[in-house]
Amino acid sequence: MFDLTEEQTMLKDMLVRFLAEAEGDAWSELAELGVIGALFPEAQGGFGGSGADLAVVFEEIGRACNPVPLIECALLPGLLLGAAGQDLSGVIAGTDKLALAHAEVAARYDLDWVETEVSDGRITGDKAVVTGAPTAARFLVTARHSGAPGDRNGIGLYLVDADAPGLSLNAYQTIDGAQAADLTLSDAPATLVLEEALPALERAYAAATLAQCADTLGAMEQAAHMTREYLTTRQQFGRAIGTFQSLAHRLADMMLAVEQARSAVLLAAASLNGPEQDIDIAACKNLLGRMGRLVAEDAIQLHGGIGMTDEYALGRLAKRIIMADHRFGDTDHHLERFIALSKGAA
Amino acid sequence: MDLTLSPEAEAFRAEVRAFLADALPSELADRVRRHQSLGKADHEFWHAKLNERGWLAPNWPKAFGGAEMSAIERHIFDEECALAHAPRVVPFGLSMLGPVLQKFGSKAQQDYWLPRILSGADWWCQGYSEPGAGSDLAALKTRAVRDGDHYIVNGQKTWTTLGQHANMIFCLVRTDPDAKKQEGISFLLIDMSTPGVEVRPIKLIDGGAEVNEVWFTDVRVPVENLVGEENKGWTYAKYLLTHERTNISGVGFSRAGLAAVKRIAANVRQRGEALIENPHFAARVAQVEIDLRAMAVTNLRIVSKAAAGQAPGIESSLLKIKGTQIRQEITDLARRAVGPMAMPFESEAVESNTPLPDPFDAGAVAGSFFNNRKLSIFGGSNEIQREIYSKSILRG
């Protein structure tokens, strides 16, 4: 019951082979290989779109620690455009470079907290940490046409061209190596995509959160693997340091954490688009936040100083794992969601 | 039992506070508070201020120009400096080499080098760790061979903190490769401008370059730069490490860090309310604060024993483990508190010391989280400390 389909196995093998050689942001190559198509169902022009498909793709991208903004610039925009009945062929081909500008400083991780406003087709407000923004040609921007921050109704979704008047970017690199920007919109002209966007945003974020968890799982597994290699090769006091019981037990705890994470991702992947989706994904993100921290911190600790160097791949993996806790809701956010959803189920 | 400090100690605390209020520019304190890295000139400025007041070397005897503070005074001094966000005193000359020269150096070495540490004429760094000698320091391979009035040094040191600013390095070198590994080591002072010394920065995951590799290729070191006796360096190295562990608990840093977390959580909004009003986050902060309050007393218990003439030996391991756990937990709270705003990589802002653009110091928080992973690694990793501590407990 836990086996991949033949297609998923082929997709995974292809990704493993390609990513092993890839350097830097592999956007164009991944699009050419058809990987973006695996994120969407056939009805929308893709050939996948299930939870298991997402898990396969993002686990490998996380393992390879590739900075490609596939979640923010392909998965999320594609799902949102799809929800509006729009054509996804440009997204799937990788030629329609979009980025989702939804989050705001005051929103923290809450999807319904939108302060940016729209009136007469013009948007005014600030959007924070828009991943993929520096290379996007168009932005999907959320803005409130009615109601107050925290209201479920009144959030619309709009398209804004990157060169639209009234739009400015403050671009930077994120700690985990992505390109991002804060956006300032001042009467920027916008085209309506969805009048009431929150339900579609919630569905898209569920998929994005699962994808982020799978990415973290891949990075955790790779960090644990590198730590195992290090403990068997690094010599101190005339022996491999893995022969010291205190370190060996730490490695055992890391591997336990990875196994727990894998099970949580499998469960969440199976639940995507089903009745248990929200609670399983909240559980998954919370568990990955906790287990990810354990693996990232112990991987650095067991490596010692070398684990803190920029040159060595482990440090980048650790940053990716820890900073995943700052994307799509952190450990505490999803714990609170889990508690609320558990009450609802009772 | 009375846990309050004596009136003399409280008077000393007031004196330290008054000094800090007067001598520490708010602009400099602000940069320390925001985790921004400091330049050489910043450190030199602060050393000079402390030296003017006679507090640059709190633990040195008065005879060598130190303040000869009691352990309690030292504790108060460290805590107040941390709370005021004073720059850390660069420890290599003051806390490490100084005590070694005072105990094992020749009169000539003491007369020449100690005043230069106080005046800032020399910036020292530490040549201990090597690629193959980390936790197992005595496995070091850097070789020094006697050639007339000189030693010829070849090898590589690593993790040399702030070595890019240093003009002098004290090194553990192997002078007898045939002896048992602890018995063939000597303690050498090396001028870094000597031909054959090369410093290469190591970039860390937070983007900073505070540590370096130092390479030695046929470096000629005059024999008068040998400290103590040849092949007795391990004894001096161990003595130095006990001084390295002064202020190891970092109570002041934790208090300052926790105050920063509370300040951030009071400013960050969640659904329009301050984050600190979120019971879940408040519980996380309270948990760490409870641990810190107890640890501060543990620290005081150990420090006051030392004041009565009992050296804090094995207990320094306990303080290092617990102190670093708490400090790392605080950096974790800070990154949680800023939430998504922890993402931007602020290295350039840090390097150029420009003010961060955000309203709640979000910028350098994640960098600080990653940088402070070092606390449980350096100065004898926490695993090594547990080894030392558990051995001593089991010996009874």
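Residues numbered from 1 in each chain as written. Chains lettered and ligands numbered in written order. Predicted model: local features only at pLDDT ≥ 70, side-chain atom pairs only at ≥ 80, totals over all residues. Heavy atoms only, no water.

### Considerations on the nonpolar core
Definition in use: Among the buried residues, those of types Ala, Val, Leu, Ile, Met, Phe, Trp, Tyr and Cys that are joined through side-chain atoms within 4.5 Å form a nonpolar core. Whether a residue is buried, partly exposed or exposed follows from its accessible area with a 1.4 Å probe, protein chains only, as a fraction of its type maximum: under 20%, in between, or over 50%, in that order. Under the scheme used here, helices are H or I runs from DSSP no shorter than 4 residues and strands are E runs no shorter than 2 residues, and both carry numbers assigned from the N terminus. The contact definition used throughout considers only heavy atoms, calling two residues in contact when any of these lie within 4.5 Å.
Grouped together as the largest cluster of nonpolar side chains are 149 residues, with contacts concentrated most on Val57(A), Phe58(A), Leu70(A) and Leu288(A). When residues in this core are grouped by element, the largest group, 20 residues, is from helix H6 (residues 198-233) of chain A. Other than its neighbours up to four places away in sequence, Leu70(A) contacts Trp27(A), Leu30(A), Val35(A), Ile36(A), Leu39(A), Val57(A), Phe58(A), Ile61(A) and Leu75(A). The next biggest cluster of nonpolar side chains, apart from the first, holds 74 residues, and it includes Ala57(B), Cys81(B), Leu188(B) and Met192(B).

### Some details on the domain arrangement of chain A
Residues and elements named next belong to chain A. Cut-off, in case you're wondering: Where each domain begins and ends follows an automated or database-derived domain assignment. Accessible area that two parts lose when put together, with a 1.4 Å probe and added across both, is what the buried area reports. Each salt bridge in this description consists of a side-chain nitrogen of Lys or Arg and a carboxyl oxygen of Asp or Glu lying within 4 Å of one another. Pairs of N or O atoms are called polar contacts if they sit within 3.5 Å, as long as, within protein, a hydrogen donor faces a hydrogen acceptor (for residues adjacent in sequence, only side-chain-to-side-chain pairs). We call Asp, Glu, Lys and Arg charged. Ala, Val, Leu, Ile, Met, Phe, Trp, Tyr, Cys and Pro are nonpolar, and the rest, Gly among them, are polar.
The domain architecture assigned to chain A consists of domain 1 (6-93), domain 2 (98-196) and domain 3 (199-345). Taking the mean C-alpha position of each, domain 1 and domain 2 sit 23 Å from one another. Taken together, both faces of the contact between domain 1 and domain 2 bury some 950 Å²; the carbon and sulfur share is 77%. Remark: the boundary between domain 1 and domain 2 carries zero salt bridges. Inspection of the region where domain 1 meets domain 2 yields zero residue pairs in polar contact (both at pLDDT 80 or more). Partitioned by chemical class, the residues of the side of domain 1 that touches domain 2 number ten nonpolar, one polar and one charged.

### Overview of a nonpolar patch on the surface
Put simply, the rule is: A patch consists of residues exposed above 30% relative accessible area that lack any salt bridge, with like charges linked at up to 9 Å and nonpolar side chains (Val, Leu, Ile, Met, Phe, Trp, Tyr) linked at up to 5 Å. The Shrake-Rupley method, run with a 1.4 Å probe, gives the accessible areas here. Residue values count only the displayed protein chains as cover.
A cluster of nonpolar side chains, namely Met1(A), Phe2(A) and Leu266(A), defines an oily patch on the protein surface of about 420 Å² accessible area. Mapped onto the elements of the fold, Met1(A) is located in the segment before helix H1 (6-21).

### What about the interface of chain B and chain A?
In this assembly, 49 residues from chain B lie in contact with 47 residues from chain A. Buried surface at the junction of chain B and chain A, both sides included, amounts to about 4100 Å², of which 58% is carbon and sulfur. Three residues stand out in chain B for area buried against chain A, namely Ile205(B), Arg271(B) and Met343(B), and they jointly supply 20% of the buried area on that side. Summed over the shared surface of chain B and chain A, the number is nine salt bridges. Residues Arg293(A) and Glu329(B) are paired through a salt bridge, measuring 3.0 Å at the closest nitrogen-oxygen approach. If you look at where chain B meets chain A, you find 25 residue pairs in polar contact (both at pLDDT 80 or more). Among the elements that line the side of chain B that touches chain A, the one with the most residues is helix H10 (residues 315-338) of chain B, at six residues. Of the residues belonging to the side of chain B that touches chain A, the class tally is 23 nonpolar, 13 polar and 13 charged.

### Some words on the layout of surface pockets
The test is simple: Only protein atoms enter the 1 Å grid, on which a cavity is a set of points fitting a 1.4 Å probe that cannot get out and a pocket is an open set with protein on both sides within 12 Å along at least 5 of 7 lines, lining residues being those with an atom within 4 Å of a point. Grid points are joined across faces, edges and corners, and a volume is the space filled by probe spheres set on the points.
Of the pockets and cavities examined, the second largest pocket occupies roughly 1000 Å³. What lines the second largest pocket is a set of 44 residues, and nearest its centre among them are Tyr109(A), Asp110(A), Leu111(A), Tyr205(A) and His333(A). Put simply, the parts of the chain that give the lining of the second largest pocket at least two residues each are helix H4 (70-83), strand E3 (122-131), H6, helix H8 (277-303) and helix H10 (331-345) of chain A together with strand E10 (273-274) of chain B. Broken down by class, the residue content of the lining of the second largest pocket amounts to 20 nonpolar, ten polar and 14 charged.

### What about the side chain of Ser368(B)?
Tracing the backbone shows Ser368(B) in helix H12 (residues 365-371). Ignoring any residue separated from it by four or fewer positions in sequence, one finds Ser368(B) in contact with His35(B) and Thr331(B).

### Digging into the packing of aromatic side chains
Definition in use: Note on ring pairs: Phe, Tyr and Trp rings are taken, using the six-membered ring of Trp, and paired if centres are within 6.5 Å. Classes follow the plane angle, with under 30 degrees stacked, over 60 edge-to-face and the rest tilted.
All chains considered together, the criterion is met by 14 aromatic pairs over all chains. Seen in terms of ring centroids, Tyr205(A) and Phe328(A) are 5.5 Å apart; in terms of plane orientation they differ by 75 degrees. Their pairing is edge-to-face. Remark: Phe328(A) occurs in the loop between helix H9 (313-323) and H10 and Tyr205(A) occurs in helix H6; sequence separation between them is 123 residues. Both residues of the pair, Tyr205(A) and Phe328(A), count as buried. Ring geometry for Trp124(B) and Phe170(B): centres 6.3 Å apart, planes at 40 degrees, overall tilted. Placement of the pair is Trp124(B) in strand E1 (residues 124-127) and Phe170(B) in strand E4 (residues 168-174), with a sequence separation of 46 residues. Judged by relative accessible area, Phe170(B) falls into the buried class, the value being 0%. Three or more aromatic residues link up through ring pairs in this structure, and these residues are Tyr112(B), Trp113(B), Trp124(B), Tyr128(B), Phe170(B) and Phe187(B).

### Details of the pairing of strand E6 (residues 167-173) of chain A
All names here are of chain A. Threshold: In this description, strands pair whenever DSSP reports at least two bridges between them.
With seven bridges joining them, E6 and strand E7 (residues 179-189) adopt antiparallel strand pairing. In the strand pairing of E7, Leu-169 is matched with Leu-183. Hairpin remark: E6 followed by E7, antiparallel, with five residues in the connecting loop; positive phi at Gly-177, about 90 degrees.

### Topic: helix H3 (residues 51-64) of chain A
All names here are of chain A. The condition is simple: Expected helix span is given by 1.5 Å per residue-to-residue step, counting one fewer step than there are residues.
Under the 1.5 Å per step criterion, the end-to-end length of H3 is 20 Å for 14 residues, consistent within 8% with the ideal 20 Å. Along H3, eleven of the 14 residues are buried, which leaves the element largely enclosed by surrounding structure. Buried-residue contacts for H3 involve H1, helix H2 (27-32), H4, H6, helix H7 (245-271) and H9. At the exit of H3 stands Cys-65, carrying a positive phi of roughly 55 degrees.

### Some remarks on the packing of H6(A) against H7(A)
If you want to describe how two helices pack, look at the angle between their axes and the distance between the axes. Residue and element names in this part refer to chain A. Threshold: Lines are fitted to the C-alpha atoms to define the axes, a helix being fitted only along its stretch in contact, and any angle between axes, read from their N-to-C directions, falls within 0 to 180 degrees. Here roughly perpendicular refers to angles of 65 to 115 degrees, roughly parallel to angles under 35, roughly antiparallel to angles over 145, and oblique to all remaining angles. A crossing counts as left-handed when the near helix is turned anticlockwise from the far one by less than a right angle, and as right-handed when that turn is clockwise.
Running from N to C, H6 and H7 point in directions that differ by 160 degrees, and their axes come no closer than 10 Å. With respect to H7, the element H6 is oriented roughly antiparallel. For H6 against H7, the interelement crossing comes out left-handed. Of H7, the residues touching H6 (which contributes Leu-210, Cys-213, Ala-214, Leu-217, Met-220, Glu-221, Ala-223, Ala-224, Thr-227, Arg-228 and Leu-231) are Leu-247, Leu-251, Met-254, Met-255, Ala-257, Val-258, Ala-261, Arg-262, Val-265, Ala-268 and Ala-269. The residue makeup of the contact of H6 with H7, split by class, is 18 nonpolar, one polar and three charged.

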